[in-house]
Amino acid sequence: MNMLQIQGGRPLRGAVDVAGSKNAALALMSAVLLGEGTTVLHNVPHVSDTRIKASLLERFGAKVAWHEGSLFIDCSTIELSELDEEMVRLIRTSFYLLGPLLARTGKAILPAPGGCKIGQRPVDFHLKGLALLGADVRLDGGKYIAETSGLKGAEIYLDFPSAGATQHLMSAAVLAEGVTIIQNAAVEPEVTTLAAFLNRMGARIEGAGTSTVTILGVGSLEPCEFRVPSDRLQAGTYILAGAITSGDVTVRGIMPDNQTALVNKLREAGADITEGPDWIRVTCPNRLKGIRVKTMPYPGFPTDMQQPMAALLTIAEGNSVVEETIYESRTGHVPELQRMGAKIRVEGGRLTLIAGVDGLKGAPVEASDLRAGAALVLAGLVAQGETTIRNVHFIDRGYENLEANLRDLGASIERTEVDDHSVAESG
Ligand code: EPU
């Protein structure tokens, strides 16, 4: 297994291009099952989550081939197959194959995904929605068995604007007979991307990107060619890397409109940010100031940037409060940042209280999940001396070319082999 070694204290300078979106790609890689034939997805990030998802598709009979950043997925033949529990636990979106499989073949069996380190992450909205669409879903021996004699359009109200449930139910409903309306739908950019992809396959989805999504069922879908947009979370991490090291970083090939919450909170903290049509440049002429951050569904401050943002705030002047409202326990970075000298603590599970310190000191630390790992990389970049980060496999789930990109910006970061003792989490 791998470990990252960072010699911190160097301001990052230069430009970085951002890879395709992990979360958008994972949603598209469920929906591909709906089209008979070969779909081509360009700009798919080479991260462990997309590689695992590709191997899951193969388990259902799809033929998958990577050609550099493009993924060719032939879903001409799809078989009813049972996945092992470990595979489903490895990558949460494997559960989101249930709807497309059901729509395509009338039956699907998938192990229940279970909780993970950042929270319980139930799938009740998914199950309620599928039942409303006419699926018979039962839990038997830890597996969900779903069957239908034909999905039918329905009105579905989500108790919370869940990105995953909106994407999953949208993918199930495109082949349902009649009209489906998803109320209180998530408005995340990944939902809009999935709708654009499905519409290119021949679906009729209206209102994606608003809280009411209308799906007019069609008889069949055709495979298509589609480009995955850039990853707003990788982009956000590089913006924070520029800010935390008081550097001068331009993040290119992105959609600045998707970064509104992060950009505005960084400006509030004192960062200098300029934007162009597809880039954002960050500099920090003065020490940043402590702020309050509260995570919210998009377009609010993204939960996935909460831990990296907390790393930045550990060295801001004064006090900061980071409130997590989406997950119950997304605080695995906190004890590790304490090891690096941060004055940071969790109160009541969801509040992270930070008293800014003048600087961090390198230390051996462990990533507990993907974004906690990103937070530790950021802390390592600014800490004096050496930081070593274990459990890099968490970081590899969502960051393509992380070390190479950071080195190009002037960081000293190396990957080395060590014995790794932790298990994977679902993301
Ligand atoms: N929820 C329920 N019931 C459900 C579904 C969700 O209670 O049936 C709750 C969840 O427990 C959570 C909230 O609703 O408290 C939001 O969860 P959501 O369904 O929106 O999350 P997700 O689709 O499982 C995706 C991303 C996450 C990201 C969240 C929120 C993927 C593969 N994952 O998860 O990404 O944090 O949306 O934006 O798209 C990451 O990239 O690090 C990551 C964890």
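Above: the structure in question.
Here we summarise the structure given alongside this text.

**Some remarks on the site of the ligand**
- Close to the ligand lie 24 residues, the nearest being Asp124, Ser162, Ala163, Asp304 and Ile326.
- Isoleucine 326 places a polar main-chain atom, nitrogen or oxygen, 2.5 Å from an oxygen atom of the ligand.
- Isolated, the ligand exposes 830 Å² of accessible area, and the fraction of that covered by the protein chains is 90%.
- Looking at the shell around the ligand, the elements that each hand over two or more residues are helix H1 (22–31), helix H5 (124–132), helix H6 (163–173) and helix H12 (370–382).

**So, the pattern of salt bridges**
- Enumeration over the complete set of coordinates arrives at 16 salt bridges.
- Two residues, aspartate 358 and arginine 287, come together in a salt bridge whose shortest N-O distance is 3.3 Å. Of this pair, aspartate 358 sits in the loop between strand S20 (351–355) and strand S21 (364–366) while arginine 287 sits in the loop between strand S16 (279–283) and strand S17 (292–294); the two residues are 71 residues apart in sequence, bridging distant segments of the chain.
- Residue classification places aspartate 358 among the exposed positions, given a relative accessible area of 75%.
- For arginine 287, a relative accessible area of 35% corresponds to the partly exposed category.
- Note that glutamate 414 is salt-bridged to arginine 407, the shortest N-O span being 3.8 Å.
- Owing to a relative accessible area of 42%, glutamate 414 belongs among the partly exposed residues under this scheme.
- On the basis of relative accessible area, arginine 407 is assigned to the partly exposed category, the value being 37%.
- Linked by salt bridges that have partners in common, Lys22, Asp49 and Arg397 make up one network.

**A few points about the sheet that holds strand S6 (residues 107–111)**
- Strand order in the open sheet formed by three strands is S6-S8-S7, and the pairing between neighbours is antiparallel. Among the strands making up the open sheet, the edge pair consists of S6 and strand S7 (136–140). Mean inter-strand twist for the sheet, computed between neighbouring axes without regard to direction, equals 15°.
- Sheet topology places S7 next to strand S8 (residues 143–147); five bridges connect them, and they run antiparallel. Along S8, the bridge assignment pairs valine 137 with alanine 146.
- Helix H4 (residues 98–105) contacts S6 and S8 of the sheet and is inclined by roughly 160° relative to S6.

**Considerations on the side chain of glutamate 188**
- Structurally, the position occupied by glutamate 188 is in the loop between strand S10 (179–183) and helix H7 (189–200).
- For glutamate 188, which is buried and forms no salt bridge, the nearest opposite charge comes from arginine 232, at a distance of 4.6 Å.
- The residues touching glutamate 188, leaving out its near neighbours within four places in the chain, are Ala163, Arg232, Pro297 and Tyr298.

**Some thoughts on the packing of H5 against H6**
- It is the contact of H5 with H6, at a shortest axis distance of 9 Å, that shows an interaxial angle of 25°. By the angle between their axes, H5 is roughly parallel relative to H6. Pair H5 / H6 crosses with right-handed handedness. Residues Phe125, His126, Gly129 and Leu130 of H5 form the contact with H6, whose own contacting residues are Gly164, Ala165, His168, Leu169 and Ala172.

Rules used throughout
- Residues numbered from 1 in each chain as written.
- Predicted model: local features only at pLDDT ≥ 70, side-chain atom pairs only at ≥ 80, totals over all residues.
- Heavy atoms only, no water.
- Near = heavy atom within 4 Å.
- Polar contact = N/O pair within 3.5 Å; in protein donor to acceptor, adjacent residues only side chain to side chain.
- Areas by Shrake-Rupley, 256 points an atom, 1.4 Å probe, with all protein chains shown as cover.
- Helix = DSSP H or I, 4+ residues; strand = E, 2+ residues; numbered from the N terminus.
- Salt bridge = Lys/Arg side-chain N within 4 Å of Asp/Glu carboxyl O.
- Buried < 20%, exposed > 50% of the residue type's maximum accessible area, 1.4 Å probe, protein only.
- Pairing = 2+ DSSP bridges.
- Axes fitted to C-alpha atoms, helices over the stretch in contact; angles between N-to-C directions.
- Contact = heavy atoms within 4.5 Å.
- Lys, Arg positive; Asp, Glu negative; His and termini not counted.
- Parallel < 35°, antiparallel > 145°, perpendicular 65-115°, else oblique.
- Left-handed = near helix turned anticlockwise from the far one by under 90°.

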